[in-house]
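Spelled out, the chains give:
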Amino acid sequence: MSLITELVCVQCGTRYREGEASTCPRCGPDEGILDVRFDLPRAAKTLTRQSLAERTRSHWRYRELLPLDDKFCPTEGHLGWTPVIEAPRLAKALGIGRLRLKDDGRNPSGSFKDRPSSVGVARAQQEGMQTIACASTGNAASSLAYSAAVAGMACNIFVGKNVPQGKLAQLLAYGARVFRVQGTYAQAYDLCTQACQRFGWYNRNAAINPYLVEGKKTGGLEAAEQSADDPPDWIVCSVGDGCSIAGVHKGVVEMKAIGVIDWTARILGVQAEGVAPIAEAFQTGKLDRSGRGDTYADSINVPVPRNWRKAVNAVRQSNGAYVTATDGEIMKAVPLTGRLTGVFAEPAAATTIAGIATARERGVLDAKSNVLAMITGNGLKDIQGALKAVGEPFDVQPTLDAVLAIVQKS
Ligand SMILES: *Cc1c(COP(=O)(O)O)cnc(C)c1O
């Protein structure tokens, strides 16, 4: 048995038993997002620093805090437990005291989304489902296709028409059935929801499936454990739908609640300036549902986020902040991060670095700030996006003189 005690509506606080509802019937599927609660005192008995030292070096090491019965929770895997990389030169360039990057681009399908997708697939198997589906701008989809392939499940994916080629290639290589929807992401999302209802597929869509955030939580559990004796002041996440930042915050809070760490960190959320409804809602308390805006950082291009309330609450509870970064700043952050740290981040991931620069300018961070940034996706995911950010190579004739001419110039 898992240690889930109840599911609580983030809007009205109504409590449900496990399996009773996937969104709050009172508040409706748009606002009635549920949060999964665990028996933390009981988890604390077996989930300790000592027991963790002996466990798998994957995100499955936190089984007490995952929404899975033991039988469906793998004891080993190759996902998660991504490295935390010290980045002194980038810290200096940004004008902050210390910077560490948690490089989730090293997950099997290349993004942070491998965490929730793997939990979603395990959960679907536990519920006896044969087929899983999701709508996604890319990483949720490729990670789901990956985890479905590993588990031998059928997988249906709804993507928007602007899906980057690298992600599309991954989906098809992992054997998913891909519906490229000729419409907006919001339409792809709704179509997936309808198809799941009609065909009885398990719906991975993170915001309305409360168990998925628990997968995202493992990013926070790990960040907390990996810096247990050397805590950051701030943890920075880029924000689209809002589930990742909520999950990371929840992970840190639960690690404190069970006594593996004795600190909390402030959470800094970064949105692209062109699509920043959550950063706005953090100020106003209300979500603009007009669906306007656009950004080049495709993984966070979510004009109508489903999980805005969790994302706003997480930052508020942590005494954190939201900032935005322009597409130009995000583009600059991609090669800056690559050059100064060796981490090649996709635009949505480098958005955290661009946001740190904004936060420093605005005085949210200062010259002493000790920051841990989540790098949520690998740069190879979105080659077109990367190429826009990195400039051109030198075209040369195959002669040493041609090389010499360029070496002298640059
Ligand atoms: C999904 C994603 C995010 C943001 O996560 P949300 O839950 O949508 O806020 C950030 N970076 C990358 C690379 C992503 O794929």
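Refer to the structure above for everything that follows.
Residues take numbers from 1 onward in each chain, read along the sequence in its written order. Local features are withheld for residues below a pLDDT of 70 in this predicted model, meaning they are given only at 70 or higher, and side-chain atom pairs are given and counted only at 80 or more; totals for whole chains, interfaces and linings count all residues. Note: side-chain values were computed over all heavy atoms of the structure, leaving out hydrogens and water.

1. Observations concerning the site of the ligand
Near is defined per residue: the residue qualifies when any heavy atom it owns lies within 4 Å of the molecule or strand. Lys113, Asp241, Gly242, Ser244 and Thr376 are the nearest of the 16 residues found near the ligand. Contact between the ligand and threonine 376: a nitrogen atom at 2.7 Å from a side-chain N or O atom of the residue. For the ligand, the protein covers 97% of the area, taking 380 Å² as the surface of the free molecule. In this classification, the charged set is Asp, Glu, Lys and Arg, the nonpolar set is Ala, Val, Leu, Ile, Met, Phe, Trp, Tyr, Cys and Pro, and all remaining amino acids, among them Gly, are polar. In the shell around the ligand, the residues fall into four nonpolar, eight polar and four charged. The term polar contact refers here to a pair of N or O atoms within 3.5 Å; inside protein, the definition further demands a hydrogen-donor-capable atom paired with an acceptor-capable atom, and it admits residues adjacent in sequence only when both atoms are side-chain atoms. The accessible surface values rely on the Shrake-Rupley method and a 1.4 Å probe; as for residues, cover is taken only from the protein chains in view.

2. Observations concerning the environment of proline 210
Note on conventions: DSSP H or I runs of at least 4 residues are helices, E runs of at least 2 residues are strands, and numbering of each starts at the N terminus. In this fold, proline 210 is placed in helix α9 (residues 210-226). Between the alpha carbons of proline 210 and threonine 326 there is a distance of 31 Å; along the sequence they are 116 residues apart. Proline 210 has contacts with Leu7, Ser22, Leu34 and Val36, leaving out every residue within four places of it along the chain. In what follows, a contact means two residues having at least one pair of non-hydrogen atoms within 4.5 Å.

3. As for the pattern of salt bridges
Whenever Lys or Arg places a side-chain nitrogen within 4 Å of a carboxyl oxygen from Asp or Glu, that contact is recorded as a salt bridge. Per the counting criterion, the structure on display carries 26 salt bridges. With a closest N to O distance of 2.6 Å, arginine 289 and glutamate 31 form a salt bridge. In this pair, arginine 289 sits in the loop between α11 (277-284) and α12 (308-317) while glutamate 31 sits in helix α1 (residues 28-31), placing the two residues 258 residues apart along the sequence. The exposure class assigned to arginine 289 is partly exposed, which follows from its relative accessible area of 40%. Residue glutamate 31 is classed as buried on the basis of its relative accessible area, which comes to 17%. Of the charged contacts, one joins aspartate 35 and arginine 37 as a salt bridge, the two residues approaching to 2.9 Å between their closest N and O atoms. One salt-bridge network, held together by shared partners, links Asp35, Arg37, Glu214, Lys217, Lys250, Glu254 and Lys310. Partly exposed describes any residue whose relative accessible area lies between the buried limit of under 20% and the exposed limit of over 50%, with all areas from a 1.4 Å probe on protein chains only and scaled to the type maximum.

4. Considering the packing of aromatic side chains
Given two aromatic rings, one states the distance between the centres and the angle between the planes to describe the pair. Note on aromatic pairs: the rings of Phe, Tyr and Trp (six-membered ring only in Trp) are paired at centre separations within 6.5 Å, and the planes decide the class, stacked below 30 degrees, edge-to-face beyond 60, tilted for the rest. The full count for this structure, using the stated rule, is four aromatic pairs. Considering the side-chain rings of tyrosine 146 and tyrosine 174, the 5.8 Å spacing of their centres and the 65 degrees angle between planes classify their relative orientation as edge-to-face. Taken together, the positions of tyrosine 146 in helix α6 (residues 139-151) and tyrosine 174 in the loop between α7 (165-173) and β8 (177-180) put the pair 28 residues apart, joining distant regions of the chain. Under the relative-accessibility criterion, tyrosine 146 is labelled buried at 17%. Taking relative accessible area as the criterion, tyrosine 174 reaches 27% and is therefore assigned partly exposed.

5. Examining the side chain of serine 117
Structurally, serine 117 can be placed in helix α5 (residues 114-126). Once you skip the residues sitting within four places of it in the chain, serine 117 turns out to touch Ala140, Ser143, Leu144, Ser147, Arg204 and Leu212.

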